[in-house]
Amino acid sequence: MSALRGLLRKEWFHIKRDRRTATVLVMLPVVQVLLFGYAIRTDVDNVRLAVVDPAPSNTTLALRNRFAAAGVFRIVASVPRTEDLEPLFQNGTAQQAIVFDHDFTEDLGRGTPAQLLVITDATEPNTGALLQAYAQAVIQQYQFALPASPARPASIIVPVTRIRFNPTRESKNLFVPGLMAFVLTIISALMTAISLTREKETGTMEALLVSPLRPWEIIVGKVTPYLAIGFASVLLVLVEARLVFNVPVRGSIPLLLFEGLLYVLVSLAFGMLISSRTSSQRIAMMGVFLTTLLPNILLSGFIFPLESMPAILRWISYVIPGRWFVAIARGIMLKGIGLEYLWRETLYIAGLATVLLAASIRSFHERLE
Amino acid sequence: MTAIEAKALDKKFETTVALDKVTFSVEKGELFGFIGPDGGGKTTLFRILVSLMIPDAGSARVLGFDPVRDYRALRQRVGYMAGRFSLYPDLSVLENLMFFASVFGTTIEREYEQIKPIYVQLEPFKDRRAGALSGGMKQKLALCCALVHRPDILFLDEPTTGVDAVSRREFWDLLGRLKDQGLTTVVSTPYMDEARRCDRVALMHRGRLLVVDTPDGITGAFDRPLLGVRAKDRYKALLALRTYEHAHSAYPFGEVIHYTDNRIDAPVDRLAADVKTFLATSGFGDASAEPLTPTVEDSFIARTEEAA
């Protein structure tokens, strides 16, 4: 039996022996995606809407029903005068209000611009902007549904916005691919970072070093079993994205799995490099957290759009494989594009994995000290 | 033929001198012991010889290989048991053995004859995790793992430290058998009484070799009269002996006091009577003194005193 195969079998024994850790390693990404997925999403539902309708009619009622039927809004109050809204906003009963003009129904019938005021609580500006957009969307849909009449060319002017790929503006579609990148990086890098330093700490490295095993065999033997664990995580996280978060996969699933595997590999290789340059599990873990956690949150474009960052941060972001994987995952899942558009990103990740593995082998000490 | 040839090996760790001009050679088929207290440089020396460390100065040849330059070739041929337990505690006895065999491109079955004497002792525990073995069994497993690829030379760094007396004896019996098969073995130990089991020993202290000789040669070179003194109040008797005008040294040695005299050529029986009289007049009426043959430890103590 070759030395490499013996090493692989040994690593497999370790994993098998410690089933609990193996389960944690596989399931952690799934749980994290679930937690983060719900925590980070910026979608707003259950919007508390107040209505001011001084002259109720079939027309105003129809629009009110549209809001109620949109699924996002819940009409919490209906008051006759605008002044009555003040306490509702102040004590938080209402987040948003629509105020019909007294002459709304008549104006609409006559074809003159009908006045409709939308008031939004923008204490949280992002949520506020989102609510504004939701309300406008409902109004616009209502307007389209009105029977066309020559007397009314454009009764209410609503700015036209078109949103592609995520027409419902569901943030989970944006976040889940990014989350996958984030979670997989950290877990993968941690697995390899610990595996080599553990042997250094327990003294078994001394026995490995005296053996004829070559550095490349030790590195490959350490990375391969965790590649399998990482791939299991990729599979489970994808199933979760599909079933729990209903994120579509419009492109090729085999391609997505392949890219996931490649991404796990680059993260494992990174952990390996840290591991071969440090002497204790604790330092290696710190190293992984410091170098993967923040860059992958801030600079992968997963939460914060890279386009709005200063040029220097954008340049730094080019180095981070997470940035490219987020682009790949969004591309395949949401846009349904394939390698013809994603080959550059893929090539970069593959190249980086090769460089990191080579660096790990080079910086592996063949002696103690 | 020489198996090891070391010339003026030096090694420093920051300001601590671990090895100071260490020169010696080991013959093929020899059971060679490095004996000395902890911190004497034994582990550093072993690590240099098995290619795990690079000396600051000096050179070595192990099986004709330079451990610095030809380390890859050397690692194929050397069996090494580190001072620290370096097996996988979560793997079973059998899995550990299988792993170390596979790393050298061989299998347990193929090497069975070589490891059989040890393996039969381990076999009842073959499915037990290495971490759950007793100290003695752990060391036997480690020896088995170091032997499984049929090395041409074996380095055992303090294999009997922390092991009970019975297991220690069993372990040395195993080493004796390996020697009979012609395997060159280098062992280190802090236990002076184990020197007797070696063909030749090197006494090591603070990075220096005090002497390299056969155990008999070492005790034979002890040229002072040696007495074993017993007294009820051992500590006070020891202090009293040190004030005796002819005393060369007096030190506790287990239950007794070992006493050496400056009158090198005087008959030992007369010295014993003299010492007894001296102690009786100093208030130790119960004291006894009788001649002893020196042990390796007496030699070690005498030589470290000379060095200091």
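All values reported here derive from a predicted model rather than from experimental measurement.

Definitions and limits used
- Residues numbered from 1 in each chain as written.
- Chains lettered and ligands numbered in written order.
- Predicted model: local features only at pLDDT ≥ 70, side-chain atom pairs only at ≥ 80, totals over all residues.
- Helix = DSSP H or I, 4+ residues; strand = E, 2+ residues; numbered from the N terminus.
- Buried ≥ 20, exposed ≤ 12 C-beta atoms within 10 Å, placed from the backbone.
- Contact = placed C-beta atoms within 7 Å.
- Nonpolar A, V, L, I, M, F, W, Y, C, P; charged D, E, K, R; others polar.
- pLDDT = per-residue confidence, 0-100.
- Pairing = 2+ DSSP bridges.
- Axes fitted to C-alpha atoms, helices over the stretch in contact; angles between N-to-C directions.
- Domains from an automatic or database assignment.
- Parallel < 35°, antiparallel > 145°, perpendicular 65-115°, else oblique.
- Left-handed = near helix turned anticlockwise from the far one by under 90°.

The number of helices and strands found in chain B is 10 helices and 13 strands. Overall size of chain B, expressed as C-alpha extent along the three principal axes, is 70 × 45 × 35 Å. Sorting the 308 residues of chain B into buried and exposed places 45% on the buried side. Within chain B, counting contacts between residues at least 6 apart in sequence, those at least 24 apart form 68% of the total.

Another point: the interface of chain A and chain B. Facing 23 residues of chain A, the contacting portion of chain B comprises 25 residues. Breaking the side of chain A that touches chain B down by element, the ones donating at least two residues are helix 1 (3-17) and helix 8 (204-210) of chain A. Ranked by the residues each element gives to the side of chain A that touches chain B, the list is headed by helix 1 of chain A, at 8 residues. Of the residues belonging to the side of chain A that touches chain B, the class tally is 10 nonpolar, 6 polar and 7 charged.

Per-residue pLDDT for chain A averages 84, and the proportion of residues at 70 or more is 91%. Throughout residues 157-164 of chain A the model reports pLDDT below 50, and contacts reaching past four residues in sequence, or to other chains, amount to 7 contacts.

On to the sheet that holds strand 9 (residues 208-213) of chain B. Residues and elements named next belong to chain B. An order of 5-6-7-3-8-9 is seen for the 6 strands of this open sheet, with the pairing classed as mixed. Each edge of the sheet is formed by a strand with only one pairing partner; in this case those strands are strand 5 (78-81) and strand 9. Taken over all neighbouring pairs, the strand axes of this sheet differ in orientation by 15 degrees on average, direction set aside. Against the sheet, helix 1 (residues 42-49) touches strand 3 (31-35), strand 6 (153-157), strand 7 (184-189) and strand 8 (200-205), its axis set at about 150 degrees to strand 6.

Our focus in this paragraph is the domain arrangement of chain B. Residues and elements named next belong to chain B. We note that the domain assignment places domain 1 (2-214) and domain 2 (222-307) within chain B. Averaged C-alpha coordinates put domain 1 and domain 2 at centres separated by 37 Å. Each partner contributes residues to the interface: domain 1 has 7 residues there, and domain 2 has 7 residues. Among the secondary structure elements, those contributing two or more residues to the side of domain 1 that touches domain 2 are strand 8 and strand 9. Of the residues contributing to the side of domain 1 that touches domain 2, the split by class is 6 nonpolar, 1 polar and no charged.

Every regular strand shows the same layout, with side chains that alternate between the two sheet faces. Residues and elements named next belong to chain A. For strand 3 (residues 96-100), the buried fraction is high: 4 of the 5 residues fall into the buried class. As defined by bridge partners, strand 1 (residues 47-52) adjoins strand 3 across 4 bridges and the pair is classed as parallel. When the sheet's bridge partners are listed, L49 is paired in strand 3 with Q96. Note that strand 3 and strand 4 (residues 116-120) share 5 bridges and pair antiparallel. Looking at strand 4, one finds that V99 is bridged to L117.

Residue and element names in this part refer to chain B. Look at L63: it is not a glycine, yet its phi comes out positive at around 55 degrees. Mapped onto the elements, L63 comes out in the loop between strand 4 (57-62) and helix 2 (71-77). Phi at R150 is positive, roughly 55 degrees, even though this residue is not glycine. Looking at the secondary structure, you find R150 in the loop between helix 5 (135-147) and strand 6.

Here the focus is the packing of helix 9 (residues 215-243) of chain A against helix 10 (residues 253-277) of chain A. All names here are of chain A. Packing of helix 9 against helix 10 brings their axes to within 9 Å, and their N-to-C directions diverge by 135 degrees. Relative to helix 10, the element helix 9 is oriented oblique. Crossing geometry of helix 9 relative to helix 10 is assigned as right-handed. Mapping the contact onto sequence places I219, K222, V223, Y226, L227, G230, F231, V234 and L238 in helix 9 and L256, L257, G260, L261, V264, L265, L268, A269 and M272 in helix 10. When its residues are assigned to classes, the contact of helix 9 with helix 10 shows 15 nonpolar, 2 polar and 1 charged.

Let us now look at the sheet that holds strand 2 (residues 73-79) of chain A. Residue and element names in this part refer to chain A. In spatial order, the strands read 2-1-3-4; together these 4 strands make up an open sheet with mixed pairing. In this open sheet, the two edge strands, each paired with only one partner strand, are strand 2 and strand 4. Strand-to-strand twist of the sheet, defined as the mean angle between neighbouring strand axes without regard to direction, takes the value 20 degrees. Where strand 1 meets strand 2, 6 bridges bridge the pair, whose relative direction is parallel. Residue pairing in the sheet places V51 in a bridge with S78 of strand 2. Of the strands in this sheet, strand 1, strand 2 and strand 3 touch helix 3 (residues 58-69), which is tilted by about 145 degrees from strand 2.

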